[in-house]
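# A closer look at the structure
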Amino acid sequence: MEQHPTHTHTEHQDTGTKEIWRTFWILLGLTIVELAIGFYMYKAGLQPGFFKNFLKGLIVVLMLMKAFYIVAYFMHLKAEINNLIMTIVVPLLLFVWFIIAFLMEGSSYNSLRNSLDRNHNEKSTAPVSPEMKGSKETPSKVTNEKPAHTE
Amino acid sequence: MAQTVPMAQKWWSGGKSPFNTEYGKLMRWYFLMSDAFTFGAFLISYGTIRYSSNGWPDPNEVFQSFPGLGSGFPLLFVSLMTFILIMSSVTMVLAVHAGHSNDKKTVIKMLVWTIIGGFAFLGCQAWEWSHLHHEGAWWGMNPFSNADGTQSTTNFTNFFFTITGFHGFHVFSGVVINIIMLIMTLNGVFERRGHYLMIEKAGLYWHFVDLVWVFVFTCFYLL
């Protein structure tokens, strides 16, 4: 707890501040690209398909890059020694398995339920009548009365 | 801390800290890691439910209002919120940086900016929540239909309010921590102690809040 900084370099401060602003511009740039892709997907009215999934994957890659810059430069994890970095990063690799396993589980549940539960399939693929759309009372009532799903 | 160490240093043979850092900061990292798993679990369950649903509302149709401008501006308000949080992250890291050179005045200035940024973000979130609530959205109530025009379930609003609410609570506690840091700095506690390492630990928490927002923002507004 009581470790004292042994040295304070004034020339270090300038490079440090420069690095902070450089990281800021990178984060801002990545965010703008993300938003541009998101806006394009909306404006172009893309239908679900390979291209849309590709763009979404691109957004996820940009998101991970932003996360890297925040953790490495704002939280200074890059400046820590390797032992510390490994105790933080290695456990987080569990997320790779979590994401794959749970999303596959979700889509498997979806296809099983669609094929086995005809009532669910019909209900969830029938369009809402236009007067219900946008009104405040009816849809929320309907969703409240619906029996809760098992999820 | 960032002392340079010889490559052949034997960290684990006793006599020194194997992580070359103070206890508080190490424990802060482990806390943040566990918190990352909490948020990860939330977001993955959101993803699981979304994958198991036939339809899902289009975020561009749901989140398209801007205060004073009305509706029809998808992504605009959330861009502002993201910008505010990135900016406050920058001022926080500048405060940490000034703390390294025991520059009390800059630490105070940057902490004040960080706190202002935190309140601005919370204000934005409060506006968005109350706006959605006026549109009839809340836990257990979903006025929006799916992107393909089918009836949506309350899963959408439940996840949205739970996860952004949990994140907002983190922002709020981060602001409280930063205010405590500001008071301690003003009282000269760190000056007497001779170092501003406490600011660094508060900074870690604040950056984590920003980090989580990167994921929440992407998952709810862009994907």
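All figures in this text were calculated on a predicted structure; none of them were measured in a lab.

Further remarks concern the overall build of chain A. Helices and strands together make up the secondary structure of chain A, namely six helices and zero strands. A buried classification covers 30% of the 151 residues belonging to chain A. Looking at chain A as shown, the accessible area adds up to about 9,900 Å², and 66% of this sits on carbon and sulfur atoms.

Glancing now at the packing of helix 1 (residues 23-51) of chain B against helix 7 (residues 197-222) of chain B. Residue and element names in this part refer to chain B. Contact geometry for helix 1 and helix 7: axes closest at 10 Å, N-to-C directions at 10°. Between helix 1 and helix 7, the interaxial angle falls into the category roughly parallel. The residues of helix 7 that touch helix 1, namely those facing G24, K25, R28, W29, F31, L32, D35, A36, F39, L43, Y46 and R50, are E200, K201, L204, Y205, F208, V212, F215, V216, C219 and F220. Here the residues of the contact of helix 1 with helix 7 sort into 15 nonpolar, one polar and six charged.

Once that is clear, we can look at the interface of chain A and chain B. Counting residues at the interface gives 76 residues for chain A, matched by 74 residues for chain B. For the pair chain A and chain B, the summed buried area comes to about 6,600 Å², and 70% of that belongs to carbon and sulfur atoms. The tally of links from chain A across to chain B stands at one salt bridge. For the salt bridge of B:K25 with A:E80, the shortest nitrogen-to-oxygen distance reads 2.9 Å. Across the chain A-chain B interface, the total number found is seven residue pairs in polar contact (both at pLDDT 80 or more). Where the side of chain A that touches chain B is concerned, the elements lending two or more residues are helix 1 (10-43), helix 2 (50-74), helix 3 (82-92), helix 4 (94-116), helix 5 (118-125) and helix 6 (138-145) of chain A. Among the elements that line the side of chain A that touches chain B, the one with the most residues is helix 1 of chain A, at 16 residues. Among the residues making up the side of chain A that touches chain B, the classes are represented as 39 nonpolar, 27 polar and 10 charged.

Residue and element names in this part refer to chain B. In this structure the tally under the stated criterion is five salt bridges over all chains. One salt bridge connects E22 with K201, and the closest N-O pair in it is separated by 3.2 Å. Note that E22 is positioned in the segment before helix 1 and K201 in helix 7, a separation of 179 residues in sequence. For K201, a relative accessible area of 7% translates into the label buried.

Residue and element names in this part refer to chain A. Mapped onto the elements of the fold, L55 is located in helix 2. Residue classification places L55 among the buried residues on the basis of a relative accessible area of 7%. Here the alpha-carbon distance between L55 and G38, two residues 17 residues apart in the chain, equals 8.4 Å. Those residues within four positions of L55 in sequence are excluded, and the remaining contacts are I37, Y40, M41 and L46.

Let us now look at the confidence of the model for chain A. Residue and element names in this part refer to chain A. When the pLDDT values of chain A are averaged, the result is 81; 76% of them are 70 or greater. Mean pLDDT values over the elements of chain A span from 44, in helix 6, up to 95, in helix 4. Here residues 1-11 is a poorly scored stretch, pLDDT under 50, and it has 21 contacts once near neighbours within four places are set aside; other chains count. The low-confidence segment residues 133-151 (pLDDT under 50) makes 33 contacts with residues lying over four places distant or belonging to another chain.

By the definition in use, this model includes 40 aromatic pairs over all chains. Between B:W129 and B:W138 the ring centres are 5.8 Å apart and the planes differ by 90°, which places this aromatic pair in the edge-to-face class. On the basis of relative accessible area, B:W129 is assigned to the buried category, the value being 19%. Its relative accessible area of 29% is what places B:W138 among the partly exposed residues. Centre to centre, the rings of B:F160 and B:F220 are 5.7 Å apart; their planes meet at 80°, and the pair counts as edge-to-face. Here B:F160, found in helix 5 (residues 155-186), pairs with B:F220, found in helix 7; they are 60 residues apart in sequence, far enough to count as distant. In this structure, A:R22 is placed above the aromatic ring of A:Y73, and the distance from its NZ or CZ to the ring centre is 5.6 Å.

So, on to the packing of helix 4 (residues 104-134) of chain B against helix 7 of chain B. Helix packing for two helices is described by the angle between their axes and how far apart those axes are. All names here are of chain B. Where helix 4 meets helix 7, the axes come as close as 13 Å, and the angle between the chain directions of the two elements is 30°. Taken together, helix 4 and helix 7 sit at an angle that is classed as roughly parallel. The hand of the helix 4/helix 7 crossing is left-handed. Facing V107, L111, T114, G118, F121 and E128 of helix 4, the residues of helix 7 in contact are I199, W206, W213 and Y221. Its residues placed into classes, the contact of helix 4 with helix 7 shows seven nonpolar, two polar and one charged.

Rules behind the numbers
- Residues numbered from 1 in each chain as written.
- Chains lettered and ligands numbered in written order.
- Predicted model: local features only at pLDDT ≥ 70, side-chain atom pairs only at ≥ 80, totals over all residues.
- Heavy atoms only, no water.
- Helix = DSSP H or I, 4+ residues; strand = E, 2+ residues; numbered from the N terminus.
- Buried < 20%, exposed > 50% of the residue type's maximum accessible area, 1.4 Å probe, protein only.
- Areas by Shrake-Rupley, 256 points an atom, 1.4 Å probe, with all protein chains shown as cover.
- Axes fitted to C-alpha atoms, helices over the stretch in contact; angles between N-to-C directions.
- Parallel < 35°, antiparallel > 145°, perpendicular 65-115°, else oblique.
- Contact = heavy atoms within 4.5 Å.
- Nonpolar A, V, L, I, M, F, W, Y, C, P; charged D, E, K, R; others polar.
- Buried area = accessible area lost by both parts, 1.4 Å probe.
- Salt bridge = Lys/Arg side-chain N within 4 Å of Asp/Glu carboxyl O.
- Polar contact = N/O pair within 3.5 Å; in protein donor to acceptor, adjacent residues only side chain to side chain.
- pLDDT = per-residue confidence, 0-100.
- Phe/Tyr/Trp six-rings, centres within 6.5 Å; stacked < 30°, edge-to-face > 60°.
- Lys NZ or Arg CZ within 6 Å of the ring centre and 35° of its normal.
- Left-handed = near helix turned anticlockwise from the far one by under 90°.

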